[in-house]
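Residues per chain, in single letters:
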Amino acid sequence: MQRAVSVVAHLGLQLKALPSALGRPFSCAQTKILGCDRVKLMESLVVGDIAELRPNQGTLSLFTNEAGGILDDLIVTSTSEGYLYVVSNAGCWDKDLALMQDKVRELQNMGSDVSLEVVDNALLALQGPTAAQVLQAGVADDLRKLPFMTSAVMEVFGVSGCRVTRCGYTGEDGVEISVPAAAAVRLATALLENPEVKLAGLAARDSLRLEAGLCLYGSDIDEHTTPVEGSLSWTLGKRRRAAMDFPGASVIVAQLKGKVQRRRVGLMCEGAPMRVHSPILNTEGTVIGAVTSGCPSPCLKKNVAMGYVPYEYSRPGTPLLVEVRRKQQMAVVSKMPFVTTNYYTLK
């Protein structure tokens, strides 16, 4: 099953106008971190190696607390214009903004050169196998030179000052376009004039990220989940692990070196679809965890889910049970992503 192109639009914190029978509106907040000490500020809050980012390269990272819990997931891009461009979840906007503003004030009081600016832009997500082809018709830049997790400022279908980032939370090729709010509807309309582009709803967009094994904040990860438990250890920069200079480092690094009690795993089953809060049981019938996301996979024609189980049950191929509508059915721990991702690289 080929995945279609989709447009997801956010105006301010959340304006939903998407395309494709596959895609879901996700709301995002945008921020700039400026000043010579911008990296110092960001690395005091997240687990990633921001200093190593090349100009216009971005990375998925995590805000963590001192207990190692995940406060939010976000994308940080080191722009060639001399600031960090941060995209985080609108649902966490109040606490994320307060977290960053408090740290800005703390560092400023210590004499650091750093400031924060809220970006009042909309965010349009154009996702799918032909997304770059559709967008190329409206830009002068060669999108073949824009690989996954890189960005550039360009004019898009006559709208100047857009930042185009080769990313998106679908597992497919695509872009996210940060566009001046006043021009968002005009740009979305221009994209929709191409018959390849269709609006998409919440459930379709959610199935894409689940097939790709991507977490939804508040469901699959939260303040009581560590990066190691959430199978997100890859977000931890090697230098940062050694320095142990991010919030919750003592807890998180200890889990990396030892044995974590529980892990996020993928699950596949026949029968009724697994849903959020469905109990996960071992084959003896003892409840050992719960589903955090689940739906039928349009591509696989099978039911897929994610959930947390004790470490000893986390190996792929482990048979388990899930309870759906008060009935137990067989499930198996499966590798993620369930569907192979199609991110665009220059390799």
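Cut-offs applied
- Residues numbered from 1 in each chain as written.
- Predicted model: local features only at pLDDT ≥ 70, side-chain atom pairs only at ≥ 80, totals over all residues.
- Heavy atoms only, no water.
- UniProt positions renumbered as here; feature names shortened; annotations may be inferred.
- Helix = DSSP H or I, 4+ residues; strand = E, 2+ residues; numbered from the N terminus.
- Expected span 1.5 Å × (residues − 1).
- Buried < 20%, exposed > 50% of the residue type's maximum accessible area, 1.4 Å probe, protein only.
- Arc of directions from axis to C-beta.
- 1 Å grid on protein atoms, 1.4 Å probe; cavity = no way out; pocket = protein on both sides within 12 Å on 5 of 7 lines; lining within 4 Å.
- Points joined across faces, edges and corners; volume = space filled by probe spheres on them.
- Nonpolar A, V, L, I, M, F, W, Y, C, P; charged D, E, K, R; others polar.
- Pairing = 2+ DSSP bridges.
- Axes fitted to C-alpha atoms, helices over the stretch in contact; angles between N-to-C directions.
- Contact = heavy atoms within 4.5 Å.
- Phe/Tyr/Trp six-rings, centres within 6.5 Å; stacked < 30°, edge-to-face > 60°.
- Lys NZ or Arg CZ within 6 Å of the ring centre and 35° of its normal.
- Salt bridge = Lys/Arg side-chain N within 4 Å of Asp/Glu carboxyl O.

With an unreviewed UniProt entry as reference, the protein is termed Aminomethyltransferase, source organism Neomonachus schauinslandi. Listed under Subunit (unreviewed entry) in UniProt, the entry text for the protein is "The glycine cleavage system is composed of four proteins: P, T, L and H." If you open the UniProt record of the protein and go to Sequence similarities (unreviewed entry), you find "Belongs to the GcvT family."

Here the focus is helix H2 (residues 93-109). Over its 17 residues, H2 extends 24 Å from the first C-alpha to the last, a length consistent with the 24 Å expected when each residue adds 1.5 Å. Here H2 has its buried residues at Trp-93, Asp-96, Leu-97, Met-100, Lys-103, Val-104 and Leu-107. Down the axis of H2, the buried set is contained in an arc of 135 degrees. They therefore lie on one face. Residues Asp-94 and Asn-109 are exposed on H2 and point more than 90 degrees away from its buried face.

Here we take up the pairing of strand E7 (residues 121-127). The buried fraction of E7 is high, at seven of seven residues. The alternating pattern of E7 places Asn-121, Leu-123, Ala-125 and Gln-127 on one face and Ala-122, Leu-124 and Leu-126 on the opposite face, and all of these are buried.

This next bit is on empty space enclosed by the protein. Per the stated rule, a full pass over the model turns up one cavity of 30 Å³ or more. When its volume is computed, the largest cavity comes out at roughly 60 Å³. In this structure, the largest cavity is lined by Ile-75, Thr-77, Tyr-85, Val-87, Leu-123, Arg-163, Thr-165, Cys-167, Glu-176 and Ser-178. A per-class count over the lining of the largest cavity returns five nonpolar, three polar and two charged.

In this structure, the largest pocket occupies an estimated 1,000 Å³ of space. Lining the largest pocket are 48 residues, and of these Leu-60, Ile-75, Tyr-169, Leu-214 and Trp-234 sit closest to its centre. Looking at the lining of the largest pocket, the elements that each hand over two or more residues are strand E3 (57-64), strand E4 (70-78) and strand E5 (83-89). In terms of residue class, the lining of the largest pocket is built from 25 nonpolar, 15 polar and eight charged. Around the second largest pocket, the lining residues are Ser-231, Arg-263, Arg-264, Val-265, Gly-266, Ser-314, Pro-316, Val-333, Ser-334, Lys-335 and Met-336. Residue assignment for the lining of the second largest pocket shows that the elements contributing at least two residues are strand E12 (262-269) and strand E17 (327-334). Here the lining of the second largest pocket takes four residues from E12, the largest share from any one element. Partitioned by chemical class, the residues of the lining of the second largest pocket number four nonpolar, four polar and three charged.

Pairing between the strands of a sheet comes from backbone hydrogen bonds, and it takes one of two forms, parallel or antiparallel. As summarised here, the arrangement of the six strands in space is E12-E15-E14-E13-E16-E17, forming a closed barrel in which the pairing is antiparallel. Taking each pair of neighbouring strands and ignoring which way they run, the sheet shows an average axis angle of 40 degrees. Where E12 lies against strand E15 (residues 302-310), eight bridges are found, and the strand directions are antiparallel. Within E15, the position partnered with Val-265 by the bridge is Gly-307. Against the sheet, helix H5 (residues 202-211) touches strand E14 (287-297) and E15, its axis set at about 120 degrees to E14.

The subject of this paragraph is the side chain of Ser-207. Within the secondary structure, Ser-207 sits in helix H5. Those residues in contact with Ser-207 that sit more than four places away from it in its chain are Cys-295 and Pro-298.

In this section: the sheet that holds strand E2 (residues 28-34). Strand order across the open sheet formed by five strands is E3-E4-E5-E2-E6, with antiparallel pairing between neighbours. In this open sheet, the two edge strands, each paired with only one partner strand, are E3 and strand E6 (115-118). Between one strand and the next, the sheet's axes are offset by a mean angle of 30 degrees, whatever the strand orientation. Two strands pair when backbone bridges link them, and E3 and E4 are joined in this way by eight bridges, in the antiparallel orientation. Bridging across to E4, Thr-64 finds its partner in Ile-70. Docked against the sheet, H2 engages E2, E3, E4, E5 and E6, running at close to 155 degrees with respect to E6.

We now examine the environment of Leu-123. Turning to its location among the elements, Leu-123 is positioned in strand E7. As for Leu-123 and Ala-184, which are separated by 61 residues in sequence, their C-alpha atoms are 7.9 Å apart.

Here we come to the packing of aromatic side chains. Per the counting criterion, the structure on display carries one aromatic pair. The interplanar angle of 15 degrees and the centroid separation of 4.1 Å between the aromatic rings of Phe-148 and Tyr-343 together place this pair among those described as stacked. Placement of the pair is Phe-148 in the loop between helix H3 (131-136) and strand E8 (151-156) and Tyr-343 in the segment after E17, with a sequence separation of 195 residues. Geometry around Tyr-308 places Arg-262 over its ring, the cationic atom sitting 4.4 Å from the centre.

Next up on the list: the pattern of salt bridges. By the definition in use, this model includes twelve salt bridges. Here Glu-81 ties to Arg-163 by a salt bridge, and the two come within 2.6 Å at their closest N and O atoms. You can see Glu-81 sitting in the loop between E4 and E5 and its partner Arg-163 sitting in strand E9 (residues 159-165), a full 82 residues away along the chain. Using a relative accessible area of 5% as the deciding quantity, one classes Arg-163 as buried. Between Arg-105 and Asp-102 there is a salt bridge; the shortest N-O distance is 2.5 Å. Residue Arg-105 and its partner Asp-102 are both found in helix H2; the two are separated by three residues, about one turn of the helix. For Arg-105, a relative accessible area of 44% translates into the label partly exposed. Residue Asp-102 is classed as partly exposed on the basis of its relative accessible area of 43%. Each of the salt bridges in this network shares a partner with another, and the network as a whole consists of Glu-43, Asp-49 and Arg-239.

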